[in-house]
Amino acid sequence: MTPLLRIEDLRVTYRSSRGDIDAVRGVSLSLDQGRSLGIAGESGSGKSTVASAVLRLHPRKAGVEGRVEVCGKDVNSLTWGALRRMRWSDAAIVFQGAMNSLNPVRTVGEQIAEPILVHRPETTRRACDLRVAELLDMVGLAAEHAHSYPHQLSGGQKQRVMIAMALACDPKLLIADEATTALDVKVQAQILRLLRNLAVELELGLMMISHDLAVLSSVCDEVVVMHGGRIIEQAPGPRVFEQARHPYTRALAGAFPTIGDPASRYRPQGLADDPVTVVDDAAEREFAAQCASVDGECLVHKPEFARYAHGRKTGCLRAEDLGIARTESTVAR
Ligand SMILES: Nc1ncnc2c1ncn2[C@@H]1O[C@H](COP(=O)(O)OP(=O)(O)OP(=O)(O)O)[C@@H](O)[C@H]1O
């Protein structure tokens, strides 16, 4: 079966006045219909760049190499017209803080209807109203909310509207990029439950991006962890905590926010240095300098990304010393 999403050796470089930034450096992953994949990592690790590449939303000047396929379509060779059709109909995205991008002077119903009317212009007004009511129901909002303005809704309700909008054209792949980060803990849990239930009911492929490993492990079948533009670990979502082998994943698992100091939010615990954001070929060694389990070899060799028991993959040279046996041969990354 062709995966819904297949990314092969993706590399994305941003051009900036301070020089090139290799934001993604050889990411490969795939996602089947009806499955959910989480992407974890600190700020600057390249998570959103992967999401942008799936919908070709990165700046035009960015350099992109590798292959991205959505529903079997090679995203980077689509014409602009085909790309427009692919967005919303094959894949849709809900961004962090997207709820604040709702137009304050248009009703919720008008805004949910917009992608339907643009992408399916043959839809009658009546059919569109029915679809809006159905979408509101799917995200747990009463049909009357179609007549509400954004300021009349809570943050959680606005995020539900954004999810309804993303689902308007029946995409098969839904990407949620930090979609619950700005919400309080209780509402966050409700939205996560909603996303998980929708993914199951509609048999979506769900890609969830978050710096919060707990959030991802509660929703996703599989979690990959990014550091410095690379995937450094992959594990089944529900077991990512107890089975984390890479010291960076373990540090991320211990991350918690400090009240009153937003800059400290979700800083991985037990690492010595600043996170790697502007990355280069030495990023693995930079991580080694931060790592509590480092030994001499880590400072010299580039770690292999290898497969271990129970569907785990990790890019830590010392994984075997740290408690697991390799079961299959090395895989390219
Ligand atoms: N449009 C851009 N132009 C230049 N550099 C960019 C651009 N977007 C991202 N970057 C840089 O690319 C790197 C990866 O950024 P990205 O946003 O993908 O990381 P992230 O893990 O999603 O972080 P966050 O959680 O903060 O969004 C960072 O160094 C970032 O500063």
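In short, a report on the structure. Computed from a prediction, not measured in an experiment: that's the story for all the values here.

### Looking at the overall build of the protein
- In terms of regular secondary structure, the protein is built from 10 helices and 13 strands.
- Split into buried and exposed, the 333 residues of the protein put 43% on the buried side.
- Looking at the protein alone, contacts between residues at least 24 apart form 61% of all its contacts between residues at least 6 apart.

### Some points on helix α5 (residues 155-167)
- In this model α5 runs 19 Å from its N-terminal to its C-terminal C-alpha over 13 residues, within 8% of the 18 Å that 1.5 Å per residue would give.
- The buried count for α5 comes to 10 of 13 residues, which makes it a mostly enclosed element.
- Of the residues making up α5, those classed as buried are Lys158, Gln159, Arg160, Val161, Met162, Ile163, Ala164, Met165, Ala166 and Leu167.

### Some words on the environment of methionine 226
- Mapped onto the elements, methionine 226 comes out in strand β9 (residues 222-227).
- In sequence terms methionine 226 and serine 45 are 181 residues apart; their C-alpha atoms lie 5.9 Å from each other.
- The residues touching methionine 226, leaving out its near neighbours within four places in the chain, are Ile39, Gly41, Ser45, Gly46, Lys47, Ile231 and Ile232.

### A closer look at the sheet that holds strand β4 (residues 63-70)
- Pairing is antiparallel across the open sheet formed by 4 strands, whose spatial order is β2-β1-β4-β5. The outermost strands of the open sheet, each flanked by one partner alone, are β2 (19-31) and β5 (73-74).
- Direction of pairing for β4 relative to β5: antiparallel, over a ladder of 2 bridges. From the neighbouring strand, glutamate 69 faces β5, where its bridge partner is aspartate 74.

Reading the values: the criteria
- Residues numbered from 1 in each chain as written.
- Predicted model: local features only at pLDDT ≥ 70, side-chain atom pairs only at ≥ 80, totals over all residues.
- Helix = DSSP H or I, 4+ residues; strand = E, 2+ residues; numbered from the N terminus.
- Buried ≥ 20, exposed ≤ 12 C-beta atoms within 10 Å, placed from the backbone.
- Contact = placed C-beta atoms within 7 Å.
- Expected span 1.5 Å × (residues − 1).
- Pairing = 2+ DSSP bridges.

That's the geometry; what it means functionally is another story.
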